[in-house]
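Listed below, chain by chain, are the residues.
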Amino acid sequence: MKQFKILSVATVFLIIGVLVAYRNTAYLGYNKSYIVSINSDSVDVMDYHIEYNTVKEKTENIKKIVPDTFMTI
């Protein structure tokens, strides 16, 4: 149990370090220092731009391929 706590704390510190490093680099590079930005039609997480319509299309395509009920082993 102690190993899990140490790993969890280390993971949290790693994520915080990555976010701080990204924010500082983005601010110095191109004055765009937001980590998460939500618009009416999209979401920006760091440098990733995700549009709601694209996600909706992809999930519909996956639902067509994957049957409604399936068995996992």
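From a predicted model like this one, the values you see are computed outputs, not experimental measurements.

1. Observations concerning the overall build of the protein chain
Moving on, step 1. The number of helices and strands found in the protein chain is two helices and three strands.
Moving on, step 2. Secondary structure elements of the protein chain, listed N to C terminal, follow the sequence α-β-β-β-α.
Moving on, step 3. When the 73 residues of the protein chain are sorted by exposure, 8% land in the buried category.
Moving on, step 4. If you take every contact in the protein chain between residues at least 6 apart in sequence, the share linking residues at least 24 apart comes to 12%.
Moving on, step 5. For the protein chain, the accessible surface area stands at approximately 6,800 Å², while carbon and sulfur atoms represent 65% of it.

2. A few points about the sheet that holds strand E1 (residues 36–38)
Moving on, step 1. Within the open sheet, the three strands sit side by side as E1-E2-E3. Their pairing is antiparallel. Of all strands in the sheet, those with a lone pairing partner are E1 and strand E3 (48–51), marking the two edges. Across the sheet, the mean angle from the axis of one strand to that of its neighbour is 15°, orientation sign disregarded.
Moving on, step 2. Here strand E2 (residues 42–45) runs beside E3; their pairing, made up of four bridges, is antiparallel. Looking at E3, one finds that Asp 44 is bridged to His 49.
Moving on, step 3. Sheet strands in contact with helix H2 (residues 52–65) are E1, E2 and E3, and its direction is about 65° off that of E3.

3. Re the environment of Val 45
Moving on, step 1. Within the fold, Val 45 resides in strand E2.
Moving on, step 2. Placed eleven residues apart in sequence, Val 45 and Tyr 34 show a C-alpha to C-alpha distance of 8.4 Å.

4. With respect to the side chain of Asp 44
Moving on, step 1. Position of Asp 44 among the secondary structure elements: in strand E2.
Moving on, step 2. For Asp 44, a relative accessible area of 12% puts it in the buried group.
Moving on, step 3. At 2.5 Å, the side chain of Asp 44 and the side chain of His 49 are in polar contact.
Moving on, step 4. If we ignore the near neighbours within four places in the chain, the residues touching Asp 44 are Tyr 34, Ile 35, Val 36, Ser 37, Asn 39 and His 49.

5. Quick word on the pairing of E2
Moving on, step 1. Sheet topology note: the E1/E2 ladder contains three bridges and is antiparallel. In the strand pairing of E2, Ile 38 is matched with Val 43.
Moving on, step 2. Linking E1 back to E2 in an antiparallel pair, the connection comprises three residues.

About the criteria used
Residues numbered from 1 in each chain as written. Predicted model: local features only at pLDDT ≥ 70, side-chain atom pairs only at ≥ 80, totals over all residues. Heavy atoms only, no water. Helix = DSSP H or I, 4+ residues; strand = E, 2+ residues; numbered from the N terminus. Buried < 20%, exposed > 50% of the residue type's maximum accessible area, 1.4 Å probe, protein only. Contact = heavy atoms within 4.5 Å. Areas by Shrake-Rupley, 256 points an atom, 1.4 Å probe, with all protein chains shown as cover. Pairing = 2+ DSSP bridges. Axes fitted to C-alpha atoms, helices over the stretch in contact; angles between N-to-C directions. Polar contact = N/O pair within 3.5 Å; in protein donor to acceptor, adjacent residues only side chain to side chain.

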